[in-house]
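Understanding the architecture of this molecule
So you can see what is in the structure, the chains are spelled out below.
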Amino acid sequence: MVKLDVITTRGGDDGETSLGDGTRVRKDALRIAAIGAVDEANAALGLLRVQMAGLPEDAMLARLQNDLFDLGADLCRPGEGGLRITTAHCARLEQELAAMNAELPPLRSFVLPGGTPAAAAAHLARTLARRAEREVVALAAAESVTPEAVRYLNRLSDHLFVMSRWLNGKGAGDVVWVPGAGG
């Protein structure tokens, strides 16, 4: 179990931080950017969970938040490969996504972020998951990263897109793109 007695260590005042193996790196390193993007996506899931408190979806979102923390833990230990996020996590996302999608009508247009507050929050989480995916892909081009990290984030953004539609009255409240309507 983790025990943190001191939060302010001043260890990062010089623009560096420590990875899980003790290695010091600059705070603008690719690995730190990837970890930060995963953390941002996790925070967005926390906002969505506030709106889903007491509903069955909250348990699913709690699993997703824990997964993202596990993914961040994997990323903070370079060279150790996939310690926590596995193909089973990706398979679970696909199963949940398929179950929600089975209750949705087919898309006839692109969907704009919006609708219910919960659906809008799911869209925000989706966009942050996509950013995390881009950061992890950039990291993987330069350093060793388990392929499950990229795969998981790709599935997560799809999962959150489908969830946003599901939270919009199972697609009935989707806000659809109308080409040329903005001008």
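Our subject is the structure that appears above.
Anyway, here's the lowdown on the structure attached to this text.

**Section: the state of the cysteines**
Scanning the model with the defined rule gives zero disulfides in all. Here cysteine 76 stays unpaired: no disulfide links it, and the sulfur of cysteine 90, its closest cysteine neighbor, is 19 Å away. Residue class for cysteine 90 comes out buried when judged on its relative accessible area of 4%.

**Overview of the packing of aromatic side chains**
The geometry of an aromatic ring pair is captured by the separation of the ring centres together with the interplanar angle, meaning the angle of the planes. Evaluation of the coordinates by the stated rule reveals one aromatic pair. Their ring planes at 55 degrees and their centres at 5.7 Å tell us that phenylalanine 110 and tryptophan 177 sit as a pair that is tilted. Of the two residues, phenylalanine 110 sits in the loop between helix H3 (87-101) and strand S3 (111-112) while tryptophan 177 sits in the segment after strand S4 (175-176), which places them 67 residues apart along the sequence. Taking relative accessible area as the criterion, phenylalanine 110 reaches 61% and is therefore assigned exposed. For tryptophan 177, a relative accessible area of 40% translates into the label partly exposed.

**Observations regarding the pattern of salt bridges**
Taken as a whole and assessed by the stated rule, the structure comprises 15 salt bridges. With a shortest N-O distance of 3.0 Å, arginine 31 and glutamate 143 are connected by a salt bridge. Highlighted residues: arginine 31 in helix H1 (residues 30-52) and glutamate 143 in the loop between helix H4 (117-142) and helix H5 (147-167), separated in sequence by 112 residues. Here arginine 31 falls in the buried class, since its relative accessible area comes to 4%. Under the relative-accessibility criterion, glutamate 143 is labelled partly exposed at 35%. Residues joined in a network through salt bridges with shared partners are Arg63, Asp67, Arg92 and Glu96.

**So, the side chain of serine 164**
Structurally, the position occupied by serine 164 is in helix H5. Taking relative accessible area as the criterion, serine 164 reaches 0% and is therefore assigned buried. One polar contact links serine 164 to histidine 123, side chain to side chain, over a distance of 3.1 Å. In this view, serine 164 contacts Ala119, Ala122 and His123; residues no more than four positions away in its chain are not counted.

The rules behind the values
Residues numbered from 1 in each chain as written. Predicted model: local features only at pLDDT ≥ 70, side-chain atom pairs only at ≥ 80, totals over all residues. Heavy atoms only, no water. Disulfide = S-S within 2.5 Å. Buried < 20%, exposed > 50% of the residue type's maximum accessible area, 1.4 Å probe, protein only. Phe/Tyr/Trp six-rings, centres within 6.5 Å; stacked < 30°, edge-to-face > 60°. Helix = DSSP H or I, 4+ residues; strand = E, 2+ residues; numbered from the N terminus. Salt bridge = Lys/Arg side-chain N within 4 Å of Asp/Glu carboxyl O. Polar contact = N/O pair within 3.5 Å; in protein donor to acceptor, adjacent residues only side chain to side chain. Contact = heavy atoms within 4.5 Å.

Function cannot be inferred from these measures alone, as they are strictly geometric.
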